[in-house]
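If you want the building blocks of each chain, they are given just below.
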Amino acid sequence: NKFSHRIRGEHLFKGNLLHVDMLDNEDEQDFNNMKLKKEDIIVSAYPKSGTTWTEEIVWLINNNGDIEAAKKTPLYMRFPFIEVKQAFSAIRTMPSPRFIKTHLDYPAFSAMYDSNQTDRPKVIYVVRNPKDVAVSFYNFYKMNKNLGSFTGPFSEFLSMFMEGYVVLGDYFKNVLGWYEASIKDDHILLVKYEDLKTSPLEQIKQIAGFLEKDLGDDVLTAICDHVSFANMKANPMVNYEGFPIMDHNISPFMRKGEIGDWKNYFTTEEDAAFMKLYQEKMKDTSLTFAFE
Ligand code: A3P
């Protein structure tokens, strides 16, 4: 392709662009054969959409707000990332309830998930407006060795993002696939980053309701406080501190946590080109975003 940047060991897995540590053709049969269980809880999202934030919320809700327990184990161990080879093996032998993170698109994920199956697990799918996702992803590409420690300007990354040449592939394909699935399937809950940011307690209550956990206002309020941006940024169990492939001196994982940071990156021309693509891609969907 026309871009010179490469991620480490890039390859396709079920149509999703992945890096060196992630599942490949050799794993495909095991992946297709792995059936999810009713007790499994999945957090799915396009990268940089608020996955980590939602995982911590979901884990705490399902563990009755046990913040002390959450502070004992890194989130990536409590909530393994299924398309990473090592995590995939771990998940296969984990006791229930298993918490599973994924960024795969709906067609790929569907190998394990059958929307007609009555004992299917619950999925929380998180979406974030694509302009803030592009900015967050750009900064992540710079600090992440597996993504090739990107050194180019934002304009170059934005072209890659708009063409879907980034790890986990095209934003619109991922988001619209999951969104359409969530409309038809009551086991998939759609959560918007922007709603989580503007009304966190309300969203946390909604997620608790979806997971059929009746926790009481004190517990939900304590969870809400624990997952504020400032608290998560300072929490080594969720902020990826010491994660070998990430250089937080270049850009911290818990970077800014705001709505509308795209305005500090997009030129007027880039915004116009992006919105043209956005209108085309979104013309047949009822999904909408707050961009500020
Ligand atoms: P920014 O780079 O815009 O700051 P993911 O977990 O899907 O990779 O998403 C990472 C993005 O979510 C980063 O966005 C990160 O700062 C943001 N984030 C993580 N925890 C958050 C929180 N508690 N509140 C707001 N944003 C949060």
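Residues numbered from 1 in each chain as written. Predicted model: local features only at pLDDT ≥ 70, side-chain atom pairs only at ≥ 80, totals over all residues. Heavy atoms only, no water.

For the record of the protein chain, the UniProt heading Sequence similarities (unreviewed entry) holds the text "Belongs to the sulfotransferase 1 family." (UniProt positions renumbered as here; feature names shortened; annotations may be inferred.)

Participant: Now, about the packing of aromatic side chains: what can you tell me, with residues and values included?
Facilitator: Using the criterion set out here, one finds 40 aromatic pairs in the structure. Seen in terms of ring centroids, Tyr 106 and Trp 178 are 5.2 Å apart; in terms of plane orientation they differ by 75°. Their pairing is edge-to-face. In this pair, Tyr 106 is assigned in helix 6 (residues 106–109) and Trp 178 in helix 9 (residues 171–184), connecting sequence segments 72 residues apart. Between Phe 140 and Phe 253, the aromatic rings sit 5.8 Å apart at their centres with planes inclined by 85°, giving edge-to-face as the arrangement. Of this pair, Phe 140 sits in helix 7 (residues 130–143) while Phe 253 is found in the loop between helix 13 (229–233) and helix 14 (268–281), placing the two residues 113 residues apart along the sequence. With a relative accessible area of 14%, Phe 140 lands in the buried category. A relative accessible area of 17% places Phe 253 in the buried class. In this structure, Lys 101 packs its charged tip against the face of Phe 81, placed 4.1 Å from the ring centre. (Phe/Tyr/Trp six-rings, centres within 6.5 Å; stacked < 30°, edge-to-face > 60°. Helix = DSSP H or I, 4+ residues; strand = E, 2+ residues; numbered from the N terminus. Buried < 20%, exposed > 50% of the residue type's maximum accessible area, 1.4 Å probe, protein only. Lys NZ or Arg CZ within 6 Å of the ring centre and 35° of its normal.)

Participant: Pulling in residues and values, what's your account of helix 5 (residues 85–92)?
Facilitator: All buried positions along helix 5 are accounted for by Ala 87, Phe 88 and Ile 91. Down the axis of helix 5, the smallest arc covering the buried residues is 105°, so these residues share one side. Buried residues along helix 5 sit in contact with helix 1 (28–33) and strand 4 (99–102). (Arc of directions from axis to C-beta. Contact = heavy atoms within 4.5 Å.)

Participant: How would you sum up the nonpolar core? Please name residues and give values.
Facilitator: One finds Tyr 46, Ile 61, Phe 137, Tyr 141, Phe 157, Phe 161 and Phe 289 to be the most contacted residues of the largest nonpolar core, which totals 102 residues. By residue number, the principal contributor to this core is helix 7, which donates eight residues. The residues contacting Phe 137, other than those within four sequence positions of it, are Tyr 46, Pro 47, Lys 48, Phe 157, Phe 161, Val 166 and Val 167. (Core = buried A, V, L, I, M, F, W, Y, C linked by side-chain atoms within 4.5 Å.)

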